[in-house]
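# Structural description and commentary
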There are 2 protein chains.
Amino acid sequence: MSFGIFGKISAVEGKRDQLSEILLTAAKALQSMKECEIYMVNINDEEPNSIWVTEVWKDEEAHKASLSNEEVRNLIMKGRSLITGMERLNTFEVLGGKGLTK
Amino acid sequence: MSFGIFGKISAVEGKRDQLSEILLTAAKALQSMKECEIYMVNINDEEPNSIWVTEVWKDEEAHKASLSNEEVRNLIMKGRSLITGMERLNTFEVLGGKGLTK
């Protein structure tokens, strides 16, 4: 089973789209990181300053290790000034399904 | 942009794993449905009778159409007796990221 995370990021008023672009760049950076199966950037205009991120990792350790990856750290730094809050809504054991490599 | 759904299904006490298997079978049935990009079955033992499902569809219409698919309907019927509640937590515009075909 994989490790799933569902989180919500609050952006500075009006900066959601700019922040989303940084997160999508992070998703590209993660393309080469095979321990990351899914990194999905979601929005809903009912909450115009929020971004939700769905992640699936090989395991929790792989996710923690990614936070020390230089490219990921640089992007986090780049986005920091646009972020007013981060909330981890759920963590999961991902049993499987369509769209997962296993 | 794709259409994302994040929902929670409450199972009859002790029936979570049996219901999860039915949902994983539904995920297999969706393999042939290209409008469905992701159908992911998640659990968390802190809520032993809950299942969370993460879905990504081409658009909302494609998701609605899937509910009239015979194989999907049969599985829903099969799981019905094991379900005590279904809650749609979020719907999203999925901007993109790793693990999505677009």
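None of these values were measured; they are calculated from a predicted model. (Residues numbered from 1 in each chain as written. Chains lettered and ligands numbered in written order. Predicted model: local features only at pLDDT ≥ 70, side-chain atom pairs only at ≥ 80, totals over all residues. Heavy atoms only, no water.)

## Section: the UniProt feature "domain: ABM" (unreviewed entry) in chain A
In this numbering, the UniProt entry assigns the feature "domain: ABM" (unreviewed entry) to residues 3-92 of chain A. Its end C-alpha atoms 6 Å apart, residues 3-92 of chain A is made of 36% helix and 39% strand. (UniProt positions renumbered as here; feature names shortened; annotations may be inferred. Helix = DSSP H or I, 4+ residues; strand = E, 2+ residues; numbered from the N terminus.)

## Concerning the sheet that holds strand β3 (residues 50-57) of chain A
Read once around its circumference, the closed barrel built from eight strands follows the order β1(A)-β3(A)-β2(A)-β4(B)-β1(B)-β3(B)-β2(B)-β4(A), with strand pairing classed as antiparallel. Taking the axes of each pair of neighbouring strands and ignoring which way they run, one obtains an average angle of 35 degrees across the sheet. Note: strand β1 (residues 2-11) of chain A against β3(A), eight bridges, orientation antiparallel. Within β3(A), the residue paired with Gly7(A) across the bridge is Val53(A). Relative to strand β2 (residues 36-43) of chain A, helix α1 (residues 16-29) of chain A is tilted by about 170 degrees, and along the sheet it contacts β1, β2, β3 and β4 (83-98) of chain A together with β4 (83-98) of chain B. (Pairing = 2+ DSSP bridges. Axes fitted to C-alpha atoms, helices over the stretch in contact; angles between N-to-C directions. Contact = heavy atoms within 4.5 Å.)

## A few points about the pairing of strand β3 (residues 50-57) of chain B
All names here are of chain B. Where burial is concerned, most of β3 is hidden: eight out of the eight residues are buried. With six bridges joining them, strand β2 (residues 36-43) and β3 adopt antiparallel strand pairing. Each residue of the ladder has a partner; that of Val41, found in β3, is Val53. In sequence, β2 turns back onto β3 through a hairpin of six residues. (Buried < 20%, exposed > 50% of the residue type's maximum accessible area, 1.4 Å probe, protein only.)

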